[in-house]
Amino acid sequence: SGEAFLLPDATYHVSTSRGFEFERQSASLSSSSKTLKVAMRPKLRNRPGWYGGDCHSHSLYSDGSFTPVQVVEAARGEGLDWIVLSDHGAGHDIPTVLKAHEEALPYSEPGKFVVIPGEEFSASGFHANIINGTAKVLATDSLQQLINATHDADTKEQPITVAWNHPLGHGKELLGDDLTRLPLVELWNTQEPSEELETTLLWWSWLGRGKRVFAETGTDSHHRAANPYGHRRTYVYLGDTPLTAANIVRALRGGRSFLSRGALLYYTVNGELPGSTISNHRIQICVEMDSAIPVGRIDIIGNGVVAWSFDVGGAEHFTGETTIDDAEGWYLAQVMDAGEEAQPLAMSNPIFIESE
């Protein structure tokens, strides 16, 4: 809800949205109109236990355009269940980051909508998102020191985690480093499809080297109208556990999630969710998909290559199963759009096949 000032003798055209899970609606009104009500029709419905959120956002307390409260208002308006407020900061002296948390957190309603306090730790050589807290390190410390400090700060009562943001945009010189204990990497935060693919391949190469790094995404939005929250979102599986910041962090860190910008993807191997490890080398893969736009195919990626592909043929809903024998390593699913240069609409985190 809200109020608008209308100029006289003019007709206005209004477009309303609530993320890709709802159909866009439009209406017209004149300056004499007193009210406007629009019914939003659901296009997609995520399954119980799954919650969609945005891992990366900014307010005017760093380089965003809106107050923390306006960020929360817009995130809820886009149909999100949670958002990480991650203004820029580095070092111990981060009063603006903490001020943003102070203003936004009263609007968090566990069970309905969750505001997760965060910080985009912005060093000269890298950016990394601290999720559910801030970093207790120096602005000059390395990414590995930041990762170690976040692990040290993690507790059962206050779980905290860290993601390496847009590694090809900030941190190319670190790509040769053998980082350890990195829990998360941010995907899709680029305007270049080639760079997006390169980042995905980088992540897959880490998985191939035995690193249990899971993917997440967010909008990195600085403006709620120009870059609406949740047009890229991460869905986490909480099952019957409550919608809280702590449970969201645990799900992200455990890989119980998928990334989306237009499709809902439910992927299991032998009945197990993403992030799981199984020991059976004969695997039964099941994918179920609902999409806001036509889908061309769903690929099963095994150890960095296409192990199986479902031809969806432009459908917006699909269920498929396949069996792979002698499986080993890791397997994930990705939904590809029906365009000539197919791009991912959704991507799961991997499931690992344990070596005997």
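Let me begin by describing the structure that accompanies this report. Just so you know, these numbers come straight off a predicted model, no measurement behind them.

## Details of the overall build of the chain
The helix and strand inventory of the chain stands at 5 helices and 21 strands. Against the 2.2 N^0.38 benchmark of 21 Å for 356 residues, the chain shows a C-alpha radius of gyration of 21 Å, consistent with a compact globule. Summarising its shape, the C-alpha atoms of the chain cover approximately 75 × 50 × 40 Å along the three principal directions. Summarising the internal contacts of the chain: among those between residues at least 6 apart in sequence, 64% fall at separations of at least 24. As presented, the chain carries roughly 16100 Å² of accessible surface, and 49% of it is formed by carbon and sulfur atoms. Here the chain holds 27 positive side-chain charges and 46 negative ones, and the gap between their average locations is 7 Å.

## Structural notes on helix H5 (residues 245–254)
By the criterion of burial, H5 is predominantly enclosed, with 7 of the 10 residues buried. Within the sequence span of H5, burial applies to Ala 245, Ala 246, Asn 247, Ile 248, Val 249, Ala 251 and Leu 252. Positive phi shows up at Gly 255, right after H5, with a value of about 75 degrees.

## A closer look at the pattern of salt bridges
Scanning the entire structure with this criterion turns up 12 salt bridges. Measuring nitrogen to oxygen at the nearest pair gives 3.7 Å for the salt bridge that ties Asp 178 to Arg 209. Highlighted residues: Asp 178 in the loop between strand S8 (161–164) and strand S9 (184–186) and Arg 209 in the loop between helix H4 (193–208) and strand S10 (214–216), separated in sequence by 31 residues. Residue Glu 196 pairs with Arg 261 through a salt bridge whose shortest N-O separation is 2.5 Å. Separated by 65 residues along the polypeptide, Glu 196 in helix H4 and Arg 261 in the loop between strand S12 (257–260) and strand S13 (263–269) bring together distant segments of the chain. A residue is classified by how much of its surface remains accessible, and Glu 196, at 7% relative accessible area, is buried.

## A few points about the sheet that holds strand S15 (residues 283–291)
An order of S13-S15-S18 is seen for the 3 strands of this open sheet, with the pairing classed as antiparallel. The open sheet terminates on both sides in strands that have one partner only, identified here as S13 and strand S18 (317–324). Adjacent strand axes in the sheet meet at a mean angle of 10 degrees, parallel and antiparallel pairs treated alike. Of the pairings in the sheet, the one linking S13 to S15 comprises 7 bridges and is antiparallel in character.

## Some remarks on the packing of helix H1 (residues 68–77) against helix H2 (residues 95–104)
Packing of H1 against H2 leaves a shortest axis separation of 8 Å and a crossing angle of 55 degrees. In terms of axis orientation, H1 runs oblique to H2. Relative to H2, the crossing made by H1 is right-handed. Contacts from Pro 68, Val 69 and Val 72 of H1 reach H2 at Ala 100, Glu 103 and Ala 104. Class assignment of the residues belonging to the contact of H1 with H2 gives a composition of 5 nonpolar, no polar and 1 charged.

## Looking at the nonpolar core
Nonpolar side chains tend to gather and get buried jointly when the protein is soluble and globular. Core analysis: the largest hydrophobic core is formed by 49 residues, its most contacted members being Trp 82, Phe 126, Leu 143, Leu 146, Trp 203 and Ile 248. Every residue in contact with Ile 248, bar those within four places of it in the chain, is listed here: Trp 82, Val 114, Ile 116, Val 236, Leu 238 and Leu 243. Membership of the second largest hydrophobic core comes to 32 residues, among which are Leu 264, Val 269, Ile 283 and Phe 310.

## Structural notes on the side chain of His 281
Checked against the element boundaries, His 281 lands in the loop between strand S14 (277–278) and S15. Taking relative accessible area as the criterion, His 281 reaches 18% and is therefore assigned buried. One polar contact links the side chain of His 281 to the main-chain carbonyl oxygen of Glu 354, over a distance of 3.1 Å.

## So, the pairing of S18
Burial along S18 is one-sided: Phe 318, Gly 320, Thr 322 and Ile 324 are buried, while His 317, Thr 319, Glu 321 and Thr 323, pointing the other way, are not. Pairing of S15 with S18 involves 8 bridges; the strand directions are antiparallel. What sits directly across from Val 287, in S18, is Gly 320.

## Digging into the packing of aromatic side chains
Tallied over the full model, the rule gives 11 aromatic pairs. Between Trp 164 and Trp 206 the ring centres are 5.9 Å apart and the planes differ by 15 degrees, which places this aromatic pair in the stacked class. Of this pair, Trp 164 sits in strand S8 while Trp 206 sits in helix H4, and the two are 42 residues apart along the sequence. Each of the two residues, Trp 164 as well as Trp 206, counts as buried. Put simply, the rings of Trp 50, Tyr 235, Tyr 237, Phe 258 and Tyr 266 touch in pairs and so form one group of aromatic residues. Positioned over the ring face of Tyr 266 is Arg 47, at 4.4 Å from the centre of the ring. Across the ring face of Phe 352, the terminal group of Arg 212 is positioned such that the distance to the ring centre comes to 3.7 Å.

## Considering unusual backbone geometry
Its identity is not glycine, yet Asn 303 carries a phi of approximately 55 degrees, on the positive side. Judged by relative accessible area, which is 40%, Asn 303 ranks as partly exposed. Positive phi is not limited to glycine here, since Asp 326 has a value of about 55 degrees. Checked against the element boundaries, Asp 326 lands in the loop between S18 and strand S19 (329–337).

## Thoughts on the environment of Val 97
Structurally, Val 97 can be placed in helix H2. Sequence separation between Val 97 and Leu 332 is 235 residues; the distance between their C-alpha atoms is 35 Å. Among residues more than four places away in sequence, those in contact with Val 97 are Asp 87, His 88, Gly 89, Gly 118, Glu 119 and Thr 134.

Rules used throughout
- Residues numbered from 1 in each chain as written.
- Predicted model: local features only at pLDDT ≥ 70, side-chain atom pairs only at ≥ 80, totals over all residues.
- Heavy atoms only, no water.
- Helix = DSSP H or I, 4+ residues; strand = E, 2+ residues; numbered from the N terminus.
- Rg over C-alpha atoms; globule rule 2.2 N^0.38 Å.
- Contact = heavy atoms within 4.5 Å.
- Areas by Shrake-Rupley, 256 points an atom, 1.4 Å probe, with all protein chains shown as cover.
- Lys, Arg positive; Asp, Glu negative; His and termini not counted.
- Charge placed at Lys NZ, Arg CZ, Asp CG, Glu CD.
- Buried < 20%, exposed > 50% of the residue type's maximum accessible area, 1.4 Å probe, protein only.
- Salt bridge = Lys/Arg side-chain N within 4 Å of Asp/Glu carboxyl O.
- Pairing = 2+ DSSP bridges.
- Axes fitted to C-alpha atoms, helices over the stretch in contact; angles between N-to-C directions.
- Parallel < 35°, antiparallel > 145°, perpendicular 65-115°, else oblique.
- Left-handed = near helix turned anticlockwise from the far one by under 90°.
- Nonpolar A, V, L, I, M, F, W, Y, C, P; charged D, E, K, R; others polar.
- Core = buried A, V, L, I, M, F, W, Y, C linked by side-chain atoms within 4.5 Å.
- Polar contact = N/O pair within 3.5 Å; in protein donor to acceptor, adjacent residues only side chain to side chain.
- Phe/Tyr/Trp six-rings, centres within 6.5 Å; stacked < 30°, edge-to-face > 60°.
- Lys NZ or Arg CZ within 6 Å of the ring centre and 35° of its normal.

Everything listed here is a matter of geometry and, on its own, says nothing about what the molecule does.
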